[in-house]
Amino acid sequence: MSRPASTRKPRASSQARIAVILSAARELLAEQGMANLSIYTVAERAGIPPSSVYHFFASVPALLEGLTADVHAAFRGSLLEPVEHAALRTWHDLSRLVEQRMLAIYAKDAAARQLILAQHGLAEVTQADHQHDLELGRLMRALFERHFPLPQLPMDIDVFTLAMSLGDRVYARSVQLHGEITPRLAEEGMRVFDAYLGLYLPAALPKRPAPLV
């Protein structure tokens, strides 16, 4: 009889080993892209046996899924950072702040650009990215709701997730053409994000007197 999956968190030693593996994979992605990434090259860069990598990640797609989760943790963190309520005049100010924080993550993390914006054709990674995007969309909606009373939004689509995905398409185009998100296309991506949200959020949406707790 198979044992039920454990819900316990990995021990500290395991978490440290996972962090070393993901750090090595991140470095290799930044230097060489996905073409040369393997369990063996990651193990060599991490200075550990390949069996140790296989213990946590059974394949390269599994490793990339883990790295995608790591990248999205940074995006989640950016949405959970404090926002100065008094500095917001309209929801557009919050929209720009959110996108600028995410652009800063893309700018400093080549692995994030490779995994989320590059055309790699890995279905497992794409699916993991979509699942994480849904969570980011929920967090983004909660952030906007904290500072602005939102109107009734569609139930059949996630407006914030879709806005984020549309902006990412522009950033992906920039990475495809230039290998990075250029300032010009960063601005265009933010405009796309803002324009789509503007289909559902009134321009004169009032700010709350104080943010929701």
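Source: prediction; values computed, not measured. (Residues numbered from 1 in each chain as written. Predicted model: local features only at pLDDT ≥ 70, side-chain atom pairs only at ≥ 80, totals over all residues. Heavy atoms only, no water.)

Undergrad: Explain the UniProt feature "domain: HTH tetR-type" (unreviewed entry) in the chain to me, and be specific about the residues and the numbers.
TA: Here, UniProt's "domain: HTH tetR-type" (unreviewed entry) annotation points to residues 15-75. End-to-end, the C-alpha atoms of residues 15-75 are 20 Å apart, and along that stretch the chain is 80% helix and 0% strand. (UniProt positions renumbered as here; feature names shortened; annotations may be inferred. Helix = DSSP H or I, 4+ residues; strand = E, 2+ residues; numbered from the N terminus.)

Undergrad: Please give an account of the packing of aromatic side chains that cites residues and values.
TA: A complete count under the given rule lists 5 aromatic pairs for this structure. Where F75 meets Y106, the ring centres are 5.2 Å apart and the plane angle is 65 degrees; that geometry is what we call edge-to-face. In this pair, F75 is assigned in helix α4 (residues 60-80) and Y106 in helix α5 (residues 91-108), connecting sequence segments 31 residues apart. By relative accessible area, which is 3% here, Y106 ends up buried. Both rings, one in F144 and one in F160, keep their centres 5.0 Å apart while their planes meet at 50 degrees; by these two values the pair is tilted. Here F144, found in helix α7 (residues 123-147), pairs with F160, found in helix α8 (residues 159-178); they are 16 residues apart in sequence, far enough to count as distant. Overall, the relative accessible area of 0% leaves F144 in the buried class. A network of ring pairs unites the aromatic residues F75, Y106 and Y171 as a single cluster. (Phe/Tyr/Trp six-rings, centres within 6.5 Å; stacked < 30°, edge-to-face > 60°. Buried < 20%, exposed > 50% of the residue type's maximum accessible area, 1.4 Å probe, protein only.)

Undergrad: With reference to specific residues and values, describe the domain arrangement of the chain.
TA: Taken domain by domain, the chain consists of domain 1 (7-58) and domain 2 (62-212). Computed from C-alpha coordinates alone, the two centres of domain 1 and domain 2 are separated by 27 Å. Here domain 1 packs against domain 2, burying approximately 1,100 Å² in sum over the two surfaces, 79% of which is carbon and sulfur. Counting every contact that joins domain 1 to domain 2 gives 2 salt bridges. One salt bridge in this structure joins R26 and D70, with 2.5 Å as the shortest N-O distance. The interface formed by domain 1 and domain 2 includes 2 residue pairs in polar contact (both at pLDDT 80 or more). The biggest single contributor to the side of domain 1 that touches domain 2 is helix α1 (residues 12-32), with 6 residues. (Domains from an automatic or database assignment. Buried area = accessible area lost by both parts, 1.4 Å probe. Salt bridge = Lys/Arg side-chain N within 4 Å of Asp/Glu carboxyl O. Polar contact = N/O pair within 3.5 Å; in protein donor to acceptor, adjacent residues only side chain to side chain.)

Undergrad: Can you break down the side chain of H85 residue by residue, with the values?
TA: Checked against the element boundaries, H85 lands in the loop between α4 and α5. By relative accessible area, which is 11% here, H85 ends up buried. Among the polar contacts made by the side chain of H85, one reaches the main-chain carbonyl oxygen of R208 at a distance of 2.7 Å. Setting aside residues up to four positions removed in sequence, H85 forms contacts with H147, K207, R208, P209, A210 and P211. (Contact = heavy atoms within 4.5 Å.)

Undergrad: Describe the packing of α1 against α4, listing the residues and the values that go with them.
TA: For the pair α1 and α4, interaxial distance at closest approach is 10 Å and the crossing angle is 95 degrees. One way to sum up the angle between α1 and α4 is to call them roughly perpendicular. Where α1 abuts α4, its residues I21, L22, A25, R26 and L29 lie against L63, L64, G66, L67, D70 and V71. Split by residue class, the contact of α1 with α4 holds 8 nonpolar, 1 polar and 2 charged. (Axes fitted to C-alpha atoms, helices over the stretch in contact; angles between N-to-C directions. Parallel < 35°, antiparallel > 145°, perpendicular 65-115°, else oblique. Nonpolar A, V, L, I, M, F, W, Y, C, P; charged D, E, K, R; others polar.)

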